[in-house]
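Letter by letter, the chains look like this.
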Amino acid sequence: MKAVILVGGEAIRLRPLTLNTPKAMVPVLNTPFLEHVIGYLSQHQIRDIILAQGRLTPPIESYFGDGRRFGVRLSYTVENSPLGTAGAVKNTAKYLDETFLVLNGDIFTDRDITAMLTFHREKKAKVTIALTPVDDPTSYGLIESNAGGRVRCFVEKPGRDEVTTNMINAGIYIIEPEVLAHIPPRVSFSFEHELFPQLLERGEPVYATPSPAYWIDIGTPDKYFQLHLDLLGGKSHRFTPGDKVQIGKQSHIHPEAQITGPVVIGNNCTIGQGARLMGPVVIGPGSVIEEDTIIERSIIWQNARLGARVQVKNSIMAGDCRLEASSTIDGSVLGDNVTVLGGCKLGPGSRTWPGTVVEPAT
Ligand code: GDD
Ligand code: MG
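Note that this is a predicted model, so its numbers are computed, not measured. (Residues numbered from 1 in each chain as written. Chains lettered and ligands numbered in written order. Predicted model: local features only at pLDDT ≥ 70, side-chain atom pairs only at ≥ 80, totals over all residues. Heavy atoms only, no water.)

J.: For this particular structure, what's the right way to read the pattern of salt bridges?
T.: Pairing between side chains becomes possible if they bear opposite charge and their charged atoms approach one another. Taken as a whole, this structure holds 10 salt bridges when the rule is applied. For Glu-10, the salt bridge identified is with Arg-55, shortest N-O distance 3.4 Å. Of this pair, Glu-10 sits in the loop between strand E1 (2-6) and strand E2 (27-28) while Arg-55 sits in the loop between strand E4 (48-52) and helix H2 (58-64); the two residues are 45 residues apart in sequence, bridging distant segments of the chain. The salt bridge involving Arg-68 is made with Asp-66; its shortest N-O contact spans 2.6 Å. With relative accessibility at 66%, the residue Arg-68 sits in the exposed group. Note on Asp-66: relative accessible area 37%, which makes it partly exposed. (Salt bridge = Lys/Arg side-chain N within 4 Å of Asp/Glu carboxyl O. Helix = DSSP H or I, 4+ residues; strand = E, 2+ residues; numbered from the N terminus. Buried < 20%, exposed > 50% of the residue type's maximum accessible area, 1.4 Å probe, protein only.)

J.: Would you take a moment to explain the coordination of the magnesium ion (ligand 2) for this structure?
T.: Angles between donor atoms at a metal ideally measure 109.5 degrees for a four-coordinate tetrahedral arrangement and either 90 or 180 degrees for a six-coordinate octahedral one. Each protein donor to the magnesium ion (ligand 2) is listed here as Asp-106 (OD) and Asp-217 (OD); together their distances run 2.1 to 2.3 Å. Linking Asp-106 in the loop between strand E6 (100-104) and strand E7 (107-109) with Asp-217 in strand E13 (residues 215-217), this pair joins segments that are 111 residues apart in sequence. Given the relative accessible area of 8%, Asp-106 is considered buried. (Donors = N, O, S within 2.8 Å, 3.2 Å for Na, K, Ca; no water.)

J.: Help me understand the nonpolar core in this model?
T.: The nonpolar side chains of soluble globular proteins are, as a tendency, buried together. Counting 56 residues, the largest nonpolar core has Leu-34 and Leu-41 as its most contacted members. When we break this core down by domain, the ones giving at least three residues each are domain 1 (2-232) and domain 2 (245-358). Beyond its immediate chain neighbours, meaning those up to four positions away, Leu-41 contacts Ala-3, Ile-5, Ile-46, Ile-49, Leu-101, Leu-103 and Ile-113. With 29 residues, the next largest nonpolar core counts Val-4, Ile-50, Leu-131 and Leu-200 among its residues. (Core = buried A, V, L, I, M, F, W, Y, C linked by side-chain atoms within 4.5 Å. Domains from an automatic or database assignment. Contact = heavy atoms within 4.5 Å.)

J.: Even after reading the chapter, I still don't get the layout of surface pockets, so can you show me in this structure?
T.: Where empty space is left becomes clear once a probe the size of a water molecule has been rolled over the atoms. Considered as a void within the structure, the second largest pocket measures approximately 330 Å³ in volume. In terms of lining residues, the second largest pocket is bounded by 16 residues, among which Pro-133, Val-134, Asp-135, Trp-215 and Lys-223 are the most central. Contributions of two or more residues to the lining of the second largest pocket are made by strand E8 (127-133), E13 and helix H6 (221-232). In the lining of the second largest pocket, the residues fall into 8 nonpolar, 3 polar and 5 charged. (1 Å grid on protein atoms, 1.4 Å probe; cavity = no way out; pocket = protein on both sides within 12 Å on 5 of 7 lines; lining within 4 Å. Points joined across faces, edges and corners; volume = space filled by probe spheres on them. Nonpolar A, V, L, I, M, F, W, Y, C, P; charged D, E, K, R; others polar.)

J.: How do you make sense of the site of ligand 1 when you look at a structure like this?
T.: Close contacts around ligand 1 come from 30 residues, with Glu-79, Glu-156, Asn-169, Glu-192 and Asp-217 the closest. Asp-106 places a polar side-chain atom, nitrogen or oxygen, 2.7 Å from an oxygen atom of ligand 1. Asp-217 has a polar side-chain atom sitting 2.6 Å from an oxygen atom of ligand 1. The fraction of the free accessible surface of ligand 1 (740 Å²) that becomes covered by protein chains is 90%. Only helix H3 (84-90), strand E10 (151-156), strand E11 (167-175) and E13 provide two or more residues apiece to the shell around ligand 1. Its residues placed into classes, the shell around ligand 1 shows 12 nonpolar, 10 polar and 8 charged. (Near = heavy atom within 4 Å. Polar contact = N/O pair within 3.5 Å; in protein donor to acceptor, adjacent residues only side chain to side chain. Areas by Shrake-Rupley, 256 points an atom, 1.4 Å probe, with all protein chains shown as cover.)

Below, the structure is given as structure tokens:
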């Protein structure tokens, strides 16, 4: 079975992390998110993958190339203007001549695709939608289905008064190729608002099947953060849990630094004397953490420079950030290349755009 991964959204809710980095390339445990997704598909014997990009995304193509390095075969499509989720798949139609899988590009899951395919075939479905339970369905697509799994209704981003179930669209579909005929070419068209409701109206066999497997959409900084906590906490069976400390190649940890796992340190990092890392913590490659700096429950991307006595807590820092001596950030999200001058503080909920210099008055 081939798979189409939708990687063309604007990723507005994940800003400032995605202002310079496409959502598919944000690092998760120091590896681009999409590499985890491709690894997942490959584990399920899906090795022929089409990446449906919005506009050309050079960082994706230059990193993944033809996919050989990752044991898969990759094809790419681009859109002149955003085609929406279903329109993006229609745009890949020349690659699709048999039952295929579609995956939203921001989903991390342990879901068993083979079981889903078996269900799809048993039901003779035209479309099978993966369901997952969530606490609050209002930011997802709500799906009501009957006991046999046949979908009764699909409500994208339901209002509070429309919530009748906690089951939502997990952003994974198995689709028969004839469904492509119901998607108009070269115009914006959505699975969620258009295709699924229209198929239901016509009485087409659209099914949905739940699973308790690990699932998350990394569409906001909070969810992106949560994925790290979950992976480091052992909630996905693709990572081993525990209080492990992983140290990359050519990284130097001062013998008087204190590290309490789970902590992942990338390659070529330096951790200075008296520094304290209290996991869950991820530090990107090429980072330098100077003496007596404290990092707690935070995700730091590549090439960070943290001066002496800096404190970082509950925060996410994109690439190339510089925190001068004795500065503090807590509950903050920094875009790339932010500088926080000596002694400055950034408090909970702050979002700092790439390139900003945070000065004492801030
Ligand atoms: N190529 C392309 N072109 N991709 C697109 C486009 C487009 O015009 N628009 C969105 N995408 C991609 C996004 O990059 C993302 O990977 C996926 O389609 C879904 O878009 P999101 O913007 O992340 O949607 P959402 O999270 O609000 O809602 C969707 O996912 C939920 C599950 O996480 C819906 O499918 C919901 O029904 C679902 O519950
Ligand atoms: Mg999403």
